[in-house]
Amino acid sequence: AFERIRLDHMSLNDVYFEFDYQPSDYYLEVPVFNMEGEYIESENVIRTRLEGNCVNTHIPGKLAATADVKIIADVWGTGVSHSLLSIVSNNGKTWFQSQCILKNFANPHLDFEGSIRTELSEVKEITRLDTELSGETALWFNGTGLAEDLKIYGHNLSRQVGFNKFNFADFSGTVDYY
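For every chain, the first residue of the written sequence is number 1, and numbering continues from 1 onward in sequence order. The predicted nature of this model means local features are confined to residues of pLDDT at least 70 and side-chain atom pairs, given and counted, to a pLDDT of 80 or more, with totals for whole chains, interfaces and linings taken over all residues. Think of the side-chain values as coming from all heavy atoms in the structure, minus any hydrogens and water.

Enquirer: Tell me what's going on with the overall build of the protein chain, and back it up with residues and numbers.
Expert: In terms of helices and strands, the protein chain carries one helix and ten strands. Strands here mean DSSP runs of E at least two residues long; helices mean DSSP runs of H or I at least four residues long; both are numbered from the N terminus. Written out in order from the N terminus, the α and β elements of the protein chain read β-β-β-β-β-β-β-α-β-β-β. Accessible area is worked out with a 1.4 Å probe on protein chains only. A residue is then buried under 20% of its type maximum, exposed over 50%, and partly exposed in between. Counting only residues that meet the buried cut, the protein chain has 26% of its 178 residues in that class. Pairs of residues are marked as contacts when any of their non-hydrogen atoms sit within 4.5 Å. When contacts within the protein chain are restricted to residue pairs at least 6 apart in sequence, those whose partners lie at least 24 apart make up 37%. Carbon and sulfur atoms make up 58% of the accessible area of the protein chain, which amounts to about 11400 Å² in all. To be clear on the numbers: accessible area is Shrake-Rupley with a 1.4 Å probe, and residue cover counts the displayed protein chains and nothing else.

Enquirer: Residue-level account of the packing of aromatic side chains, with values.
Expert: Pairing of aromatic rings covers Phe, Tyr and Trp, the last counted by its six-membered ring, and requires centre-to-centre distances within 6.5 Å; plane angles under 30 degrees mean stacked, over 60 mean edge-to-face, and any other angle means tilted. By the definition in use, this model includes two aromatic pairs. Residues Phe96 and Phe141 carry aromatic rings whose centres are separated by 6.4 Å and whose planes lie at 20° to one another, so their mutual orientation is stacked. Of this pair, Phe96 sits in strand S6 (residues 94-103) while Phe141 is found in strand S8 (residues 133-146), placing the two residues 45 residues apart along the sequence. What makes Phe141 buried here is its relative accessible area of 19%.

Enquirer: Can you lay out a nonpolar patch on the surface for me, pointing to particular residues and giving the numbers?
Expert: Here the term patch refers to residues with relative accessible area over 30% and no salt bridge, with like charges joined within 9 Å and nonpolar side chains (Val, Leu, Ile, Met, Phe, Trp, Tyr) within 5 Å. By definition, a salt bridge exists where a carboxyl oxygen of Asp or Glu is found within 4 Å of a side-chain nitrogen of Lys or Arg. Among the surface-exposed residues, Phe17, Phe19 and Tyr21 lie close enough to one another that they form a single nonpolar patch of about 310 Å² accessible area. Along the polypeptide, Tyr21 turns up in strand S1 (residues 9-21). Here Tyr21 falls in the partly exposed class, since its relative accessible area comes to 46%.

Enquirer: Describe the nonpolar core, and please don't skip the residues or the numbers.
Expert: Nonpolar cores are built from buried Ala, Val, Leu, Ile, Met, Phe, Trp, Tyr and Cys residues. Side-chain atoms within 4.5 Å join them into one set. If you look at the biggest cluster of nonpolar residues, it comprises eight residues: Leu85, Phe96, Cys100, Leu102, Leu110, Phe112, Phe141 and Leu150. Secondary-structure elements contributing two or more residues to this core are S6 and strand S7 (109-119). In terms of residue count, S6 provides more of this core than any other element does, three residues in total.

Enquirer: Can you explain the pattern of salt bridges? Please cite residues and give values.
Expert: Under the counting rule described, the total for this entry stands at five salt bridges. Residue Arg117 is joined to Glu136 by a salt bridge in which the shortest nitrogen-to-oxygen separation is 3.8 Å. Residue Arg117 is found in strand S7, and its partner Glu136 is found in strand S8; the two are separated by 19 residues along the sequence. Look at Arg117 and you get partly exposed, because its relative accessible area is 33%. Given a relative accessible area of 33%, Glu136 falls into the partly exposed group. Across the pair Lys124 and Glu132 runs a salt bridge, and its minimum N-O distance is 3.8 Å.

Enquirer: Requested: an account of helix H1 (residues 120-127), with residues and values cited.
Expert: An α-helix turns once per 3.6 residues; consequently, residues spaced three or four apart project the same way. Along H1, the residues classified as buried are Leu120, Glu122 and Ile126. All buried residues of H1 project into a common sector of 150° when viewed along the axis, lining one side. Each C-beta atom gives one direction from the helix axis, and the arc is the one those directions make.

Enquirer: Go over the side chain of Thr118, please, and point to the residues and values.
Expert: With respect to the helices and strands, Thr118 occurs in strand S7. Assessed through its relative accessible area of 8%, Thr118 is described here as buried. Think of a polar contact as two N or O atoms within 3.5 Å of one another; within protein, one of them needs to be a possible hydrogen donor and the other a possible acceptor, and neighboring residues in sequence only count if both atoms come from side chains. Reaching out from Thr118, the side chain makes a polar contact with the side chain of Thr94 at a distance of 2.7 Å. Apart from residues lying up to four places away in sequence, Thr118 is in contact with Lys93, Thr94, Val123, Gly135, Glu136 and Thr137.

Enquirer: So what's going on with the pairing of S7? Which residues, and what values?
Expert: Across ten bridges, S6 lies against S7 in antiparallel orientation. When the sheet's bridge partners are listed, Gln99 is paired in S7 with Glu113. Remark: five residues form the turn of the hairpin made by S6 and S7, two consecutive strands paired antiparallel; Asn104 in that turn has positive phi of roughly 60°. As paired elements, S7 and S8 share eleven bridges and run antiparallel to each other. Within the sheet, the bridge partner assigned to Ile116 lies in S8 and is Leu139. When DSSP finds two or more bridges between a pair of strands, those strands are recorded as paired.

This is the structure in structure tokens:
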């Protein structure tokens, strides 16, 4: 499937990247961007790695977030696996990680899992909510199946949640989607 690709290795290191969209004042800044791609002929696979440190996203009045982002992926003729997608906010209040395998582009089958953990005060800050919000929440999820018949499972645990006049409630729930 990669017969036309003859680039065996490519690397960009310590690149500064900025995207500025006017007139909205939206910007995306990546002060340290690294990318590496390597074709491994014996496995007929392209191994890739993308990293952005201190990725800064800003939409005035709506969103202001800074995070480290990392993606490691293998791409072959019939599918792709990202063995790791990791996002960690720089203030240490939010973590997101996932693993995924996509098999057979023609009839996609997915296997994935991941987790998110955040302090709700950061959700309030990022989304610019105009209400009190505190506590922490965690979500674990996984899924498997063909794209049109995907089965998804999720579990949420929220602790010491404070919302306006409600203080320190705990929530737990599970969702299965077939």
